[in-house]
Structure formats: C-alpha cells, structure tokens
Amino acid sequence: MSKYQLKWGILATGGIAESFGRDLSVNPETRDRKDIEHVIVAAASSSSSDRAKKYLKAVNAPDSAKAYGSYKELVEDSNVDIIYVATPHSHHYQNTMQCLEAGKNVLCEKSLTVNAAQAEALIKKAKEKNLFLMEALWTRYFPLSIYAREMVTSGKLGTVERTFADLSFGSAPETSFEDSHRMVNPDLAGGALLDLGIYALTWVFQTLYTTQKNPQPPTVQSSMRKYEKTGVDQQTTMLLSFPRKEQGDAHGIATTGMRVASDPNGNMEAPAIRIQGSEGELMVFPPAFRPTRTKLVLKDGTVDQKEWPHPGPGPGSGFKNGFGGNFMPEGEGFGMFWEADECAYALKEGRKEGKYESLDESLVIMKVMDEVRKQHGFTLPEKIETTKYPVDL
Ligand SMILES: NC(=O)C1=CN([C@@H]2O[C@H](COP(=O)(O)OP(=O)(O)OC[C@H]3O[C@@H](n4cnc5c(N)ncnc54)[C@H](OP(=O)(O)O)[C@@H]3O)[C@@H](O)[C@H]2O)C=CC1
Ligand SMILES: O=C1OC[C@@H](O)[C@H](O)[C@H]1O
C-alpha cells in the first residue's frame, strides 16, 4: 500500500516543539495507521540556524532536513506541506498569519490565539486561501477522548447533566517562575487560563458541546485571582451553562490554578474530570492534558477501569515543561502523534479543519475565555491583543 507522506516544517524549537518532533518519529504503524507517514523536512528558529540544526538532531530528523535561522525562510520553503507553530501563545496570531499568507497549512499550538478577534481573522484567512488550519488541542485526538465522547453520545451515561474538569499545578508563581517566564509574563500572554484552563474547557466542551446535535454557546460566570506581580491570572474558576432544548441546561465547571494541583501526590488518586449523567459517571484521571486512565461507574453496578497508554516504542522521556514536570514514561510515545495523524488524514482527504474540534468550536472557546477575562478586567499588552498584521513582537 502506498503511504501518504506529510512533510512537516517546525516553527520554533522550544520545549513542546521537541516533544512534537520526537513523536513524529514514532512509526504510525505502532498505532495501526498503515496508510500515512510523517517526515520533518525543515525547522526554523528565530535565534539561529545552529539552534534549528540542534533541534533537528535532537528529534532524529533526516539529514536532508533544512535548518533555518528565520521563520520567513521556513514559510517560503516549497517542500513543506504543513507548519507546526510552537511559539508562546502571544505569538500564534502573527506566526500563523505569516504561514497562511505564504500559502502554508498550519497546526497551531493552543491556545489558538489570545482572543476571539484574532482567531476569527485566522479562520477567515485560512478559508480565503483554502488552507487547512487546526488548533493543536492534542488531547481531543486521543483514543481516550474518543471513548469519553462515545460514552456521552451512545447514551451509556444517560443524560449528561454536568462535567467537572480541572487542570491545576501546585506551583506557586512567586517561587516557581521568574517574571519573564511564559507562564506569568503578560508579554508572552501568560496566566493559568490561556495555558492550562483551556484544557479544563476542552473537557467541558467535548462532553457538553461537541457531543450535541445543535450545540449552543454557553453562558459564563467566573472568579479570577490575579498574580499581583505581573497581573496575569493565577487561579480561575468558570461556571458554564449550556442551553439544551429538550433536556434543559447542562453545567460545566472548569477550574485552573497554579497554587494547588489536580494531582497532589502524583499518584492520580482523584479524578481530574467527572462526566456525570443520569445513569452514572465517567472519571478521567490527571493530568487533564494527557490522561491515561478512566473509570466508568454506572448505577447498574458496572465498574470499568481502563488504561490508555500511548503506544511506542517511544523515544524515551522527552517532555519537560515549565514546571520541571516530565510526563512521558520511558518507552511510551508522548501522544502528540494522534493530532499529527489527523492533520495527515485531513490533507489526504482534502479537509480544511480537524475532525474533533472544528474551527467554529475553537472560536466559541476563545469567546468564553474573552468573556472570562472581561469579567475581571484582565487585558494583555495591545501588541499581543491586536489583529493588525504584521506587528513586530
Ligand atoms: N500541547 C502541549 O502539551 C503543550 C503545549 N504548549 C504550548 O506550546 C507553546 C510553546 O510552549 P513551550 O514550548 O513550552 O515554550 P518554550 O518557551 O519552551 O518555547 C517557545 C519557543 O518559541 C520561540 N520564540 C519566539 N519568540 C519568542 C519569545 N519572544 N519568547 C519566547 N520564545 C519565543 C523560541 O524558539 P526559537 O528560538 O527556536 O524561535 C522558543 O524556544 C505555548 O503556546 C504553549 O501553550 C506548551 C507545552 C505543552
Ligand atoms: O499545554 C500544556 O500542557 C502541559 C503544561 O505543562 C504546559 O504548561 C501547557 O502549555
């Protein structure tokens, strides 16, 4: 069988770009995907071409892969099918627009942009240019997430009335981060909401919105505690009410924060997500961005625990985040290949957006985060919030 080969260009060479690049080298056959393959053909670093070279070596890219010292050279490379944008979210709008303007398909890290106006402008540009655009909300593409959504749509849980979802790290900002770190730096669109809260929202949305036939945007109430030193949010709690015609509103409770952890001792003893229906509930254990364990508990006595390891052979521990955490067990893949596979299938089939999170849904989620920020007067610097392009950041 001839395989569809997707040629990747990587824009930025930081922490997540490395995890993603390593995952691309895991053979898709290990996850039963025999008709596609991924290859990194180029990477660009805004610091230097040497940095890009080091990156390509670290992720075992082929020797023929090009190393660029500017993003401009990457977007102009005619050998690249799709670009993975892996800069901080402050830069997503400018970087993604640059790719789209140059005629490139894009997989852009979360959050897609810092506000809905920017997301809308990117979606418009992608449509105008007939290009593929997807928010890299990798969790949505995990088999575990597909199973969770099926538990809702199949009626197994009965009528789903409520979802609790949390992504929090016990990393007090004043002791964990320099003020320049992207988690707390307003110039890099810092704060818990855009970085971590989006996962709590993902779980609320993929169980209460994506699964509906005619989903309606939720109303939102929220509480926010800011980090006094830099003004970004350090803890945010959102109450979402999703209108439903026949069954009445469903409620989503999405929480995020830097001071307490979803998983205080690392043993995944308490669920990070609880999807509750009239017939029972599905618990999903932390971390909400990369869960690997579920427990289904039904009124009829069913208790079904499942493990969802990401197949390898993986390249070993490779994921480090701003919290010093490492969530990649030796020998396992990290799990970013599921979303990469979706990009390959979409381009192979001529689709222009991801199957499990439409661009419209990414936009509705951005609008929710806008509303939450508005309720608490949390704004970012004008050059980060603007829809003007190009702007030098
Ligand atoms: N899916 C997931 O699990 C994760 C997703 N993320 C997302 O990925 C994005 C990047 O995060 P992460 O990789 O942790 O960040 P890093 O700080 O590790 O890397 C960001 C990279 O962006 C480039 N860059 C360009 N301009 C700037 C700038 N002004 N300041 C800092 N970096 C800049 C740099 O690469 P270069 O010098 O090569 O140009 C830098 O290495 C974020 O949007 C985050 O939300 C992050 C972690 C996990
Ligand atoms: O997407 C993410 O998931 C894991 C976190 O460690 C990281 O900060 C965030 O960007």
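None of the values given here were measured: they were computed from a predicted structure.

J.: In this structure, what is going on with the UniProt feature "domain: GFO/IDH/MocA-like oxidoreductase" (unreviewed entry) in the protein chain? I would like to understand it.
T.: Sites flagged by UniProt as "domain: GFO/IDH/MocA-like oxidoreductase" (unreviewed entry) map to residues 148–282. Span residues 148–282 is 20% helix and 32% strand, its end C-alpha atoms 7 Å apart.

J.: Just to check I follow, could you spell out the packing of helix α8 (residues 192–208) against helix α10 (residues 359–375) for this structure?
T.: Each packed pair of helices is defined by two parameters, the angle between the axes and the distance between the axes. Running from amino to carboxyl end, α8 crosses α10 at an angle of 125 degrees, the nearest separation of the two axes being 11 Å. Viewed along their axes, α8 and α10 adopt a mutual orientation that is oblique. The way α8 lies across α10 gives a crossing that is right-handed. Taken together, the residues of α10 that come into contact with α8 (itself represented by Leu193, Leu194, Ile198, Leu201 and Phe205) are Glu361, Val364, Ile365, Met366, Val368, Met369, Val372 and Arg373. Partitioned by chemical class, the residues of the contact of α8 with α10 number eleven nonpolar, no polar and two charged.

J.: Help me out: how do you make sense of the site of ligand 1 in this one?
T.: Within the structure, ligand 1 sits among 24 residues, and Thr13, Ser45, Ser46, Ser47 and Tyr71 are positioned closest to it. One nitrogen or oxygen atom from the main chain of isoleucine 16 is found 2.9 Å from an oxygen atom belonging to ligand 1. Within the residue set of the shell around ligand 1, elements represented by two or more residues are α1 (15–24) and α8. Counting contributing residues, the shell around ligand 1 receives three or more from each of domain 1 (1–141 + 334–370 + 379–393) and domain 2 (143–289 + 291–307).

J.: Explanation requested: the packing of aromatic side chains in the structure shown.
T.: Two numbers describe a pair of aromatic rings. These are the distance of the centres and the angle of the planes. The full count for this structure, using the stated rule, is 13 aromatic pairs. Relative to phenylalanine 20, the ring of tryptophan 8 has its centre 5.2 Å away and its plane inclined at 75 degrees; by these criteria the two rings are edge-to-face. Highlighted residues: tryptophan 8 in strand β1 (residues 4–11) and phenylalanine 20 in helix α1, separated in sequence by twelve residues. Judged on exposure class, the residue tryptophan 8 and its partner phenylalanine 20 are both buried. Note on phenylalanine 169 and phenylalanine 289: the rings are 6.2 Å apart at their centroids and 35 degrees apart in plane angle, and the pair reads as tilted. Within this pair, whereas phenylalanine 169 is found in the loop between β7 (160–168) and α7 (173–176), its partner phenylalanine 289 is found in the loop between β12 (280–284) and β13 (293–298), the two being separated by 120 residues in sequence. Exposure class is identical for phenylalanine 169 and phenylalanine 289. Each is buried.

J.: For this particular structure, what's the right way to read the UniProt feature "domain: Gfo/Idh/MocA-like oxidoreductase N-terminal" (unreviewed entry) in the protein chain?
T.: Mapped onto the present numbering, the UniProt feature "domain: Gfo/Idh/MocA-like oxidoreductase N-terminal" (unreviewed entry) falls at residues 7–134. Spanning residues 7–134, this segment combines 38% helix with 22% strand, and its end C-alpha atoms are found 16 Å apart.

J.: Can you help me understand the pattern of salt bridges in this one?
T.: Once their charged atoms are close, side chains differing in charge can pair, the charge on each being opposite to the other. In the structure shown here, the tally under the stated rule is 23 salt bridges. The partner of aspartate 195 in a salt bridge is arginine 182, and the shortest N-O contact between them spans 2.8 Å. Here arginine 182 lies in the loop between α7 and α8 and aspartate 195 lies in helix α8, a separation of 13 residues in the sequence. In this structure, glutamate 281 engages arginine 274 in a salt bridge whose closest nitrogen and oxygen atoms are separated by 2.6 Å. Arginine 274 gets classed as partly exposed once you look at its relative accessible area, which sits at 33%. Through salt bridges that share partners, Glu101, Lys125, Glu128 and Lys129 make up one connected network.

J.: I tried to follow the sheet that holds strand β4 (residues 82–85) on my own but got confused; where do I start?
T.: Strand-to-strand pairing in sheets goes through backbone hydrogen bonds, with the strands running parallel or antiparallel. Read across the open sheet, the six strands follow the order β3-β2-β1-β4-β5-β6; overall the sheet is parallel. Edge positions in the sheet fall to β3 (66–68) and β6 (133–136), since each has one partner strand and no second. Averaged over all neighbouring strand pairs, the angle between strand axes comes to 25 degrees, with direction disregarded. Relative to strand β2 (residues 36–44), β1 is paired through eight bridges, and the arrangement is parallel. Bridging across to β2, isoleucine 10 finds its partner in alanine 43. On the sheet, helix α9 (residues 337–349) packs against β1, β2, β4, β5 (105–109) and β6 and is oriented at approximately 125 degrees with respect to β1.

J.: Explanation requested: the pairing of β12 in the structure shown.
T.: Across the five residues that make up β12, a large majority, five, are buried. Neither face of β12 is left uncovered, since the one carrying Gly280, Leu282 and Val284 and the one carrying Glu281 and Met283 both have all their residues buried. The sheet contact formed by strand β11 (residues 273–277) and β12 spans five bridges and is antiparallel. The residue of β12 that forms the bridge with glycine 277 is glycine 280. Hairpin connection from β11 to β12: two residues lie between these consecutive antiparallel strands.

Reading the values: the criteria
- Residues numbered from 1 in each chain as written.
- Chains lettered and ligands numbered in written order.
- Predicted model: local features only at pLDDT ≥ 70, side-chain atom pairs only at ≥ 80, totals over all residues.
- Heavy atoms only, no water.
- UniProt positions renumbered as here; feature names shortened; annotations may be inferred.
- Helix = DSSP H or I, 4+ residues; strand = E, 2+ residues; numbered from the N terminus.
- Axes fitted to C-alpha atoms, helices over the stretch in contact; angles between N-to-C directions.
- Parallel < 35°, antiparallel > 145°, perpendicular 65-115°, else oblique.
- Left-handed = near helix turned anticlockwise from the far one by under 90°.
- Contact = heavy atoms within 4.5 Å.
- Nonpolar A, V, L, I, M, F, W, Y, C, P; charged D, E, K, R; others polar.
- Near = heavy atom within 4 Å.
- Polar contact = N/O pair within 3.5 Å; in protein donor to acceptor, adjacent residues only side chain to side chain.
- Domains from an automatic or database assignment.
- Phe/Tyr/Trp six-rings, centres within 6.5 Å; stacked < 30°, edge-to-face > 60°.
- Buried < 20%, exposed > 50% of the residue type's maximum accessible area, 1.4 Å probe, protein only.
- Salt bridge = Lys/Arg side-chain N within 4 Å of Asp/Glu carboxyl O.
- Pairing = 2+ DSSP bridges.

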